[in-house]
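# Tertiary structure, described
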Amino acid sequence: MSVVTRFAPSPTGYLHIGGLRTALFSWLTARHNDGKFLLRIEDTDLSRNSDEALQAIIEAFEWVGLNYDGEVIYQSKRFDLYKKYIDQLLEEGKAYKCYMTKEELDTLREEQMARKERPHYDGRYRDFEGTPPEGVDPVIRIKAPQEGVIAFDDGVKGHIEIAAEEVDDFIIARADGTPTYNFVVAIDDALMGLTDVIRGDDHLYNTPKQIVVYNALGFKLPRFYHVAMINNEQGKKLSKRDGATDVMEYKRQGFLPEALLNFLVRLGWSHGDQEIFSLDEMIALFDPKDINKSASSYNLDKLLWLNAHYIKNTPNEKLAELLKDFGVDITDHDKLQMLLDATKERGKTLVELAEQINLILNAPTEYDPKAVKKAFKGNAKAILTDFIAMLQTWPKPLHLPSDYHEVLEKIVEEKEIGFGKIGMPLRVALVGALTGAGVDEMMAIIGMDETIARIEKAVATIA
RNA sequence: GGCCCCUUCAUCUAGCGGUUAGGAUUCAUGGUUUUCAUCCAUGCCACAGGAGUUCGAGUCUCCUAGGGGUCACCA
């Protein structure tokens, strides 16, 4: 049987990284098995839906490159279908109308809690045959087993048994007739032919409820995998306060999707000692049975390390294209290759890379005081002045970093000074700081005229 | 609170009864580099605690502790 998995978000907010990870796991499982990965939108609660949120989710999917098969399925468009099953269950006596009002339910729950009992529906309308109260729109409840256990084998957690008493006759249709989550999920998962349901373990307790539906309707159970949550760096539940939980925020912060995916796939899953996985490798190696049981903590340092790795290994042309979103357009720059070769190993994110590039492309408007103190001292002024003269009278054309390197070697030799004596002041003159790409590279990129202009400007500031 | 799940370096993890408990990130040190970064090398750091089972336990069982999830006419 061919494998079918799905991702089923509810459009109530952006896509967060926990959701993206379970989506990735599902996607990988499908792709690994040449199966199908479906996208379904859980929008049965009409009042909570937001089109904006839906677009955000789809946009995030596009950014990371997780493609889904077939059309997106909207539960809100399938109410007729659900209605059929509700009627069927009613007819077969597997579900029933409950005339308890919300207020009555609330007071029941309060009483139970006062008695330190688990709040639950008491089943008072389960076998009701009298005349229903006036003016109450009933909800529909499904008959859950009253004794024994509901058991299933979870692909990551193992054998799970929940006592039947823990599962109420839960509501499958609200008073207004709309169906509820656990009911429609079971129906859709069955109808869509899901073979493997991979989701967060906050759904573990929904599983017995959904099994009640599967059984009542005679559907075949899929295999369930409940993946532990991702915590923040303090080991607590990931919340908005932890910064970038919105997947698109990672794009804005200069992360590459392949880095984010690589990071996420290693959160709760591993393949021996391997750390770097291309998408193809993930597909080839991923198996949901290797998913970890325990929760994992989000670790920004490792994401940053991966991102730096992927930046280093991305072709310059592609980086130039990506950099456009970060205020740097060097796609037509004649020294594009040189520029990126000189900077791509110095940025952990595209934001940092853009900063590095701007540092070279734009003449410094100020000089770092510490760098000035360290570099513009002694005979630095004289050396820089000599260097300008040397550049102006150099017999060969200067194009490559190696050309400029020759000039540097020459001045070091002639003046009998260390490289630092020219390197440090030159660096500060060119970019205003003591860090960054090689000075020979920088000079080659900005060209001789600009190099001389920057040095002259710096020399003028030295007392 | 009831029920359920989880627990190896700071973090991600390998381990599937016998290992000097391995790798990666972070951190520290050294090398490479005129600087920074990269890269390379080295180092620091872990089986939550306690009982069992066994010749032998990170690995199996139980208990304790800690963490998490869930108990909606939300999904």
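What you see is a predicted model, and the numbers here were worked out from it, not measured in a lab. (Residues numbered from 1 in each chain as written. Chains lettered and ligands numbered in written order. Predicted model: local features only at pLDDT ≥ 70, side-chain atom pairs only at ≥ 80, totals over all residues. Heavy atoms only, no water.)

Another point: the overall build of chain A. Within chain A one finds 18 helices and 12 strands. Overall size of chain A, expressed as C-alpha extent along the three principal axes, is 110 × 45 × 35 Å. Scored against the burial criterion, the 463 residues of chain A give a buried share of 50%. Considering only contacts in chain A between residues 6 or more positions apart, those separated by 24 or more positions represent 74%. (Helix = DSSP H or I, 4+ residues; strand = E, 2+ residues; numbered from the N terminus. Buried < 20%, exposed > 50% of the residue type's maximum accessible area, 1.4 Å probe, protein only. Contact = heavy atoms within 4.5 Å.)

This paragraph deals with the sheet that holds strand β5 (residues 139–142). Spatially, β4-β5-β8 is the arrangement adopted by the 3 strands of the open sheet, whose pairing is antiparallel. Lying at the two open borders of the sheet, with one neighbouring strand each, are β4 (95–98) and β8 (171–173). Sheet twist, expressed as the average angle between the axes of neighbouring strands with direction ignored, equals 45°. (Pairing = 2+ DSSP bridges. Axes fitted to C-alpha atoms, helices over the stretch in contact; angles between N-to-C directions.)

Around RNA strand B, the structure places 58 residues, and the nearest of them are R174, G268, E345, R346 and R427. For RNA strand B, the fraction of protein-proximal atoms (within 4 Å) that sit in sugar or phosphate groups is 67%. In the model, a base nitrogen of RNA strand B is placed 3.2 Å from a nitrogen or oxygen of the K302 side chain. Contributions of two or more residues to the surface near RNA strand B are made by α4 (102–114), α5 (181–191), β12 (296–297), α10 (300–312), α17 (419–431) and α18 (439–461). A class-by-class count of the residues in the surface near RNA strand B yields 16 nonpolar, 18 polar and 24 charged. (Near = heavy atom within 4 Å. Polar contact = N/O pair within 3.5 Å; in protein donor to acceptor, adjacent residues only side chain to side chain. Nonpolar A, V, L, I, M, F, W, Y, C, P; charged D, E, K, R; others polar.)

Taking 1.5 Å per residue, 13 residues should reach 18 Å; α10 reaches 18 Å between its end C-alpha atoms and fits that length. Listing the buried residues of α10 in full gives L303, L304, L306, N307, A308, Y310 and I311. (Expected span 1.5 Å × (residues − 1).)

What follows is about the nonpolar core. F387, I422 and L426 are the most contacted members of the largest nonpolar core, which has 104 residues in total. Sort the elements by how many residues they give to this core and α18 lands first, with 10 residues. Beyond its immediate chain neighbours, meaning those up to four positions away, L426 contacts L384, F387, L408, V439, M443 and I455. Of all hydrophobic cores here, the second largest spans 35 residues; its members include I140, A144, F183 and V184. (Core = buried A, V, L, I, M, F, W, Y, C linked by side-chain atoms within 4.5 Å.)

Every second residue of strand β6 (residues 149–154) is oriented toward a common face, the buried set being I150, F152 and D154 and the non-buried set V149, A151 and D153. Pairing analysis gives 6 bridges linking β6 to strand β7 (residues 158–163), with the strands arranged antiparallel. Each bridged residue has a counterpart across the sheet, and for F152 the counterpart in β7 is I160. From the end of β6 to the start of β7, which pair antiparallel, there are 3 residues.

Turning next to unusual backbone geometry. The phi angle at K116 is positive, at roughly 60°, despite the residue not being glycine. With respect to the secondary-structure elements, K116 resides in the loop between α4 and β5.

Here we take up helix α13 (residues 350–361). Here α13 spans 16 Å end to end across 12 residues, near enough to the 16 Å set by a 1.5 Å rise per residue. What α13 keeps buried is the set L350, L353, A354, Q356, I357 and I360. Looking straight down α13, one finds that the buried residues subtend no more than 160° of arc, so they occupy a single side. Its buried side turned inward, α13 meets α10, α11 (316–323), α12 (336–343), α17 and α18. (Arc of directions from axis to C-beta.)

The values reported here are purely geometric and, on their own, carry no functional implication.
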